[in-house]
Amino acid sequence: EAGVAQSPRYKIIEKRQSVAFWCNPISGHATLYWYQQILGQGPKLLIQFQNNGVVDDSQLPKDRFSAERLKGVDSTLKIQPAKLEDSAVYLCASSSHGQGNEQYFGPGTRLTVT
Amino acid sequence: KQEVTQIPAALSVPEGENLVLNCSFTDSAIYNLQWFRQDPGKGLTSLLLIQSSQREQTSGRLNASLDKSSGRSTLYIAASQPGDSATYLCAVVAGQFYFGTGTSLTVIP
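Below is a summary of the structure that appears in this document. (Residues numbered from 1 in each chain as written. Chains lettered and ligands numbered in written order. Predicted model: local features only at pLDDT ≥ 70, side-chain atom pairs only at ≥ 80, totals over all residues. Heavy atoms only, no water.)

1. Points about unusual backbone geometry
All names here are of chain A.
- That bond from serine 7 to proline 8 is cis: its omega, -10°, falls within 30 degrees of zero.
- Within the secondary structure, proline 8 sits in the loop between β1 (5-7) and β2 (10-13).
- In this structure, arginine 16 is a non-glycine residue whose phi angle is positive, near 80°.
- Here arginine 16 shows up in the loop between β2 and β3 (19-24).
- Judged by its relative accessible area of 64%, arginine 16 is exposed.
- In this structure, asparagine 51 is a non-glycine residue whose phi angle is positive, near 55°.
- Position of asparagine 51 among the secondary structure elements: in the loop between β5 (44-50) and β6 (53-56). (Helix = DSSP H or I, 4+ residues; strand = E, 2+ residues; numbered from the N terminus. Buried < 20%, exposed > 50% of the residue type's maximum accessible area, 1.4 Å probe, protein only.)

What follows is the structure, encoded as structure tokens:
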């Protein structure tokens, strides 16, 4: 089966610019997660979707970050405007039934904000 | 809030050695625990998933144990190989996934 797809793989932008990341989960997986992984740290959950509804976005900086999953399949994560501290790898993951099931991760998008 | 700690942060061993990676968590009310491998510049690859009702899981040369009461999990790697070199992350599921900071493993040929 195809894995979780993410694009782009790398992005370099200047601070105050905006950027968007795309994720396509494994077919049939209802739950989709976006994580931020800063160098040397473990991934931190930004937002979790169940189908097209938000389950948890408590750690999403909503003043600059937004995410959507309109049709309950693929998802986009946007940052506007970007700050230097947003430099990180943004990982997308999916699972079939939420927290009880195994998570499968995409390759990530490495964002550098200059 | 759940906090996950992994010790050591880095480990270097000669090829062929057996080794143990440690993961501890502060709240024993977890749903399950998952071990991942992360290669440089790559995403995470799931290694083992242990449900809260289980004590251990095995896959090939890997064995993961879970002791909820003490808030600990270990990942045992038998007969290590250079290809095992990577960062190993544990994550506990308690409402959401909480990740440790990982152990960077280097297996020296």
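2. Points about the pattern of salt bridges
All names here are of chain B.
- Evaluation of the coordinates by the stated rule reveals four salt bridges over all chains.
- For the salt bridge of aspartate 84 with arginine 61, the shortest nitrogen-to-oxygen distance reads 2.8 Å. Highlighted residues: aspartate 84 in the loop between β8 (72-77) and β9 (86-94) and arginine 61 in the loop between β6 (56-59) and β7 (62-67), separated in sequence by 23 residues.
- The buried category is assigned to aspartate 84, whose relative accessible area is 7%. (Salt bridge = Lys/Arg side-chain N within 4 Å of Asp/Glu carboxyl O.)

None of the figures reported here should be taken as evidence of function without further support.
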